[in-house]
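One letter stands for each residue in the lines below.
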Amino acid sequence: MGPNAENPSAESPIVVLDVSAAAPDEAPGLVVEALRAAVARGTAFSAVLLMPPAAGTSGRTEPGVANERVRSLTRLRPELRVHCRGLAFVVPLDVQEERAKAIAAGDRLWGCPTFATDDLDQARAWATARLGSADA
C-alpha cells in the first residue's frame, strides 16, 4: 500500500502523510519524497508523519539504500530550513525509543524542529502551533 496524503491541496499548511501501512524499509524514502513535494510548493508548512509501527525485520537498511536516503535528506535540508516549521512523527513509544536519535536530531538532521508522539491529535496540535510560532 502506498502513502496516503490526507491533504494534497497546495493551500494547506499542514501536510499529513500516512506511511504507517508501508513497509518499514520503504517509509523513510516515502517521507523524503513527500517532503520534497511540500517544499516545492514554496510556502511554509508543518508535517505530521504517521510512521510504521516497527522497524524492518533486520532492524537495518542496506548500506547503499541508507546512504542514498542520507544524501537525499542532505540535499533537501536547506529547503526544509526555509519552508518547514516542524515535523511531528506519530509512532508507538517503543519505536520512539528505538529511533530516538534520528527523531530528536531536529535541526541538525532534518533542518527543522521535530517532535515524536504516539497521539495523532497531539501531533496535529504541535504542527499547527509550529506554524504560528514566533521563531518559525
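Bear in mind the structure is a predicted one, so any value in this text is a computation, not a measurement.

Colleague: Where do I start with the side chain of Thr114 in this structure?
Modeller: Looking at the secondary structure, you find Thr114 in strand S5 (residues 114–117). Taking relative accessible area as the criterion, Thr114 reaches 19% and is therefore assigned buried.

Colleague: How should the pattern of salt bridges be read in this particular structure?
Modeller: Pairs can form between side chains of opposite charge once their charged atoms are near each other. Applying the stated criterion to the full structure yields 1 salt bridge. In this structure, the salt-bridge partner of Arg36 is Glu33, at a minimum N-O distance of 2.4 Å. With Arg36 and Glu33 both in helix H1 (residues 27–40) and 3 residues apart, this pair spans about one turn of that helix.

Colleague: Looking at this structure, I do not really get the environment of Ala44. What am I missing?
Modeller: The topology assignment puts Ala44 in the loop between H1 and strand S3 (45–50). Separated by 40 residues in sequence, Ala44 and Cys84 place their C-alpha atoms 5.8 Å apart. If we ignore the near neighbours within four places in the chain, the residues touching Ala44 are Pro13, His83, Arg85 and Leu131.

Colleague: When you look at the pairing of strand S4 (residues 84–90) in this model, what are you seeing that I'm missing?
Modeller: A regular strand places its side chains on the two faces of the sheet in alternate fashion. Of all 7 residues that make up S4, 7 are buried, and the element is covered over most of its length. Across 6 bridges, S3 lies against S4 in parallel orientation. Residue Val48 lies in a different strand from S4, and its bridge partner there is Ala88. Pairing of S4 with S5, which is carried by 4 bridges, proceeds in the parallel orientation. Looking at the pairing, Ala88 lines up with Phe115 of S5.

Colleague: Help me understand the confidence of the model for the protein in this model?
Modeller: For the protein, mean pLDDT is 82; residues scoring 70 or higher make up 81% of the total. Mean pLDDT values for the elements of the protein range from 47 in strand S1 (residues 4–5) up to 96 in S3. Low pLDDT (under 50) marks residues 1–10, which in the prediction has 19 contacts with non-local residues, meaning those over four places away or in another chain.

Colleague: Whenever I open this one, helix H6 (residues 120–132) confuses me. Can you help?
Modeller: The terminal C-alpha atoms of H6, which comprises 13 residues, lie 19 Å apart, in line with the 18 Å expected from a rise of 1.5 Å per residue. Within H6 the residues assigned to the buried category are Ala123, Trp126, Ala127 and Arg130. All buried residues of H6 project into a common sector of 100° when viewed along the axis, lining one side. Counted as exposed and oriented over 90 degrees from the buried face of H6: Asp121 and Gly132. Tucked inside the fold, the buried residues of H6 contact strand S2 (14–18), S3, S4 and S5.

About the criteria used
Numbering of residues starts from 1 in each chain and follows the order in which that chain's sequence is written. Confidence filtering applies because this is a predicted model: local features only for residues at pLDDT of at least 70, side-chain atom pairs given and counted only at 80 or more, and all residues used for totals across whole chains, interfaces and linings. Side-chain metrics rest on all non-hydrogen atoms present in the structure, leaving aside hydrogens and water. Runs of H or I in DSSP of at least four residues are treated as helices and runs of E of at least two as strands, each being numbered from the N terminus. Buried residues are those whose accessible area, probed at 1.4 Å on protein chains only, stays under 20% of the maximum for their type, while exposed residues exceed 50% and partly exposed ones sit between those limits. Salt bridges are identified by distance alone: a Lys or Arg side-chain nitrogen within 4 Å of an Asp or Glu carboxyl oxygen. What makes two residues a contact is simply this: any of their non-hydrogen atoms within 4.5 Å. Being paired, for any two strands, means DSSP has found at least two bridges between them. Per-residue confidence from the prediction method is given by pLDDT, with values spanning 0 to 100. The length a helix should cover is 1.5 Å for every residue beyond the first. Our arc is simply the arc of the directions from the helix axis toward the C-beta atoms.

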